[in-house]
Amino acid sequence: MNLFRKKLLTTSQSNDQSLNRVLGAVDLTMLGVGAIIGTGVFVLTGVAAAKYAGPALILSFIIAGLACVFAALCYSEFASMIPQSGSAYTYSYVAFGEIFAWILGWDLVLEYGLASSAVASGWSGYFQSLLTGFGIHLPTGITSAFDPSKGTYIDLPAVMIILLVTLLLSRGVKESAKFNSIMVIVKVAVILLFIAVGVWYVEPANWEPFVPFGFSGVVTGAAVVVFAYFGFDAVSTAAEEVKNPQRNLPIGIISALAICTIIYIVVSLILTGIVPYNMLNVKDPVAFALQFIGQDWAAGFISLGAIVGITTVLIVMMFGQTRLFYAMSRDGLLPSKLSAVHPRTKVPLPSTWTTGLLVALFAGFVPLDKLAELTSIGTLFAFATVSLGVAVLRKTRPDIERGFKTPWVPLIPALAIIFCVYLMLQLSAFTWKGFVVWLVIGLVLYFSYGYRHSKLNSTK
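Keep in mind the model is a prediction, meaning the values are calculated, not measured.

**Digging into the overall build of the protein**
Of the regular secondary structure elements, the protein holds 17 helices and zero strands. Here the C-alpha radius of gyration of the protein, 21 Å, is about what a compact globule of 460 residues would show, namely 23 Å. Across its three principal directions, the C-alpha atoms of the protein cover 65 × 45 × 40 Å. Expressed as a percentage of the 460 residues in the protein, the buried residues total 60%. Sequence separation of at least 24 residues holds for 84% of the intrachain contacts in the protein that already meet a minimum separation of 6. Summed over its atoms, the accessible surface of the protein is roughly 17000 Å², and 71% of this surface lies on carbon and sulfur atoms. Once the 28 positive and 21 negative side-chain charges of the protein are each reduced to a mean point, those two points are 10 Å apart.

**Let's talk about the confidence of the model for the protein**
Interpreting fine coordinate detail is not advised for predicted regions of low pLDDT. Per-residue pLDDT for the protein has a mean of 87; in total, 95% of the residues score no lower than 70. Per-element confidence in the protein ranges from a low mean pLDDT of 52 for helix α1 (residues 9–12) to a high of 94 for helix α16 (residues 411–424). Segment residues 11–17 is flagged for pLDDT under 50; beyond a separation of four residues in sequence, or across chains, it makes ten contacts in the model.

**What about the packing of helix α12 (residues 285–292) against helix α13 (residues 296–330)?**
Interhelical geometry of α12 versus α13 gives an angle of 170° and a closest axis separation of 8 Å. By the angle between their axes, α12 is roughly antiparallel relative to α13. Across the interface between the two elements, V286, A287, L290 and Q291 from α12 touch D296, A298, A299, I302 and S303 from α13. Across the contact of α12 with α13, the residue classes tally to six nonpolar, two polar and one charged.

**A word on the side chain of D155**
Examined against the element boundaries, D155 turns out to sit in the loop between α6 (98–133) and α7 (156–169). Sequence-distant contacts of D155, that is, excluding residues within four places in its chain, are made with S121, S124, Q128, I142, T143, S144, A145, K283, A363 and G364.

**A look at the nonpolar core**
Counting residues in each nonpolar core, the largest one holds 152 residues, and the members touching the most others are F42 and F194. Ranked by residue count, the leading element in this core is α13, at 18 residues. Among residues more than four places away in sequence, those in contact with F42 are Y126, I191, K283, D284, P285, V286, I302, G305, A306 and I310.

**A word on α7**
Relative to the 20 Å expected for 14 residues at 1.5 Å per residue, α7 spans 20 Å between its end C-alpha atoms, a close match to the ideal helical length. Every buried residue belonging to α7 is among P157, A158, V159, I161, I162, V165, T166, L168 and L169, and all of these are buried. Buried residues along α7 sit against α6, α8 (173–198), α13 and α14 (349–365).

**Some remarks on the packing of aromatic side chains**
With the rule as written, the count across this model stands at 19 aromatic pairs. Summarising the aromatic geometry, the rings of F70 and F419 are spaced 5.6 Å apart at their centres and angled 65° between planes, so their arrangement reads as edge-to-face. Remark: F419 occurs in helix α16 and F70 occurs in helix α4 (residues 57–81); sequence separation between them is 349 residues. Given the relative accessible area of 23%, F419 is considered partly exposed. Look at F288 and F292: their rings are 6.3 Å apart centre to centre, the planes differ by 40°, and that puts the pair in the tilted class. Placement of both F288 and F292 in helix α12 is noted, with a separation of four residues, approximately one turn of the helix. Ring pairing ties together the aromatic residues W102, W106, W438, Y446, F447 and Y451, which thus form one cluster.

Parameters and conventions
Residues numbered from 1 in each chain as written. Predicted model: local features only at pLDDT ≥ 70, side-chain atom pairs only at ≥ 80, totals over all residues. Heavy atoms only, no water. Helix = DSSP H or I, 4+ residues; strand = E, 2+ residues; numbered from the N terminus. Rg over C-alpha atoms; globule rule 2.2 N^0.38 Å. Buried < 20%, exposed > 50% of the residue type's maximum accessible area, 1.4 Å probe, protein only. Contact = heavy atoms within 4.5 Å. Areas by Shrake-Rupley, 256 points an atom, 1.4 Å probe, with all protein chains shown as cover. Lys, Arg positive; Asp, Glu negative; His and termini not counted. Charge placed at Lys NZ, Arg CZ, Asp CG, Glu CD. pLDDT = per-residue confidence, 0-100. Axes fitted to C-alpha atoms, helices over the stretch in contact; angles between N-to-C directions. Parallel < 35°, antiparallel > 145°, perpendicular 65-115°, else oblique. Nonpolar A, V, L, I, M, F, W, Y, C, P; charged D, E, K, R; others polar. Core = buried A, V, L, I, M, F, W, Y, C linked by side-chain atoms within 4.5 Å. Expected span 1.5 Å × (residues − 1). Phe/Tyr/Trp six-rings, centres within 6.5 Å; stacked < 30°, edge-to-face > 60°.

Structural data, given as structure tokens:
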């Protein structure tokens with residue numbers, strides 16, 4: 001069995017115009033900010049501070065940010081070298097071979113699918129908070145994931161927003177990108193409002209003790225919040241829809257990551273300065289913080305901005321998932337119907353609606369904290385593998401033209417791998433078990449379907 005058959009680089013760089021090349025560097029930066037700034041600021045800051053890091057959450061974001069900076073430099077080289085849909089899946093197909101590509105692809109299904117579900121859960125929390133401000137209360141049974149002990153059975157608002165985003169994505173990538181850019185501007189304005197109002201209410205006493213759970217809590221917090229950073233990963237999945245990808249992809253990836261890291265650090269510092277960290281384990285921590293200091297008018301704007309902001313994350317995460325299904329299907333590893341493209345919109349509609357229905361199922365029934373941790377382990381695994389791939393291809397294929405080169409290879413890839421593996425080891429046993437089970441299911445699917453139907457099977 002030839003499990004290590006590789007895609008030829010000529011195949012990876014084919015001029016396949018089934019998708020429209022319409023996105024520029026600004027579009028990609030906006031997609032990145034749209035994906036990165038959202039759940040991390042508006043939802044996970046509270047959970048990570050209350051359960052793991054306390055006021056030292058700022059250190060968690062810095063550690064996670066460093067891991068992502070190193071990985072982003074590696075992604076940028078791959079994106080400029082192999083401008084094709086599929087992100088880490090496609091890169092692994094060229095660098096390591098089909099079995100590794102499948103494992104990475106299946107891992108990214110976990111990453112994007114569960115990330116979208118977690119984001120939708122956070123969206124639901126802010127939407128319900130906004131409704132409460134108007135005196136509207138939804139029936140308990142439809143307000144959160146399945147938990148009979150609390151009387152909840154389905155998170156209906158989360159399901160509804162996923163279906164609406166799926167409808168938007170089905171209209172075309174340029175339309176989705178324009179809508180995303182407008183919403184990104186709105187949510188950045190709302191974050192600046194939080195900073196402008198909240199900075200005057202910071203109580204330094206709330207930062208004591210600064211590291212209540214010890215350094216282990218800080219790194220566990222980093223392992224959880226890394227989930228909030230991986231928007232640049234989703235940007236790379238748009239490669240086949242980018243004008244001049246060798247230039248624009250690295251600009252979009254690195255610019256988005258730099259902007260968002262600064263925002264995360266400032267917001268987490270102010271948030272934990274306003275509210276004692278042990279009170280922040282809520283679905284809408286930023287709005288809660290403003291309510292805590294009596295700024296209800298600003299909290300209303302924050303809830304509205306969070307709804308807008310988290311929607312952009314959902315758009316980009318689900319976009320990444322649809323292009324992943326499209327790439328894997330086109331290679332024969334998933335049913336060919338998933339790579340069918342609508343003749344007018346140039347959108348892979350079967351992949352788009354399959355993604356929407358699966359994400360809605362998870363968001364409706366699985367609790368937020370479990371979603372976030374499983375997403376983080378999938379993300380870190382993908383980052384580490386891509387970073388290793390850069391070092392491998394520098395040795396095995398130095399002849400390949402690279403529009404962007406990761407500096408200080410192999411040091412930068414090595415640092416990315418070390419950071420990512422270290423953060424993976426901080427996650428819970430439950431998360432590791434879930435991850436292993438997911439990979440085993442993936443291998444069963446590969447050997448029962450993907451290996452036999454692979455497009456490379458007919459050439460070997």
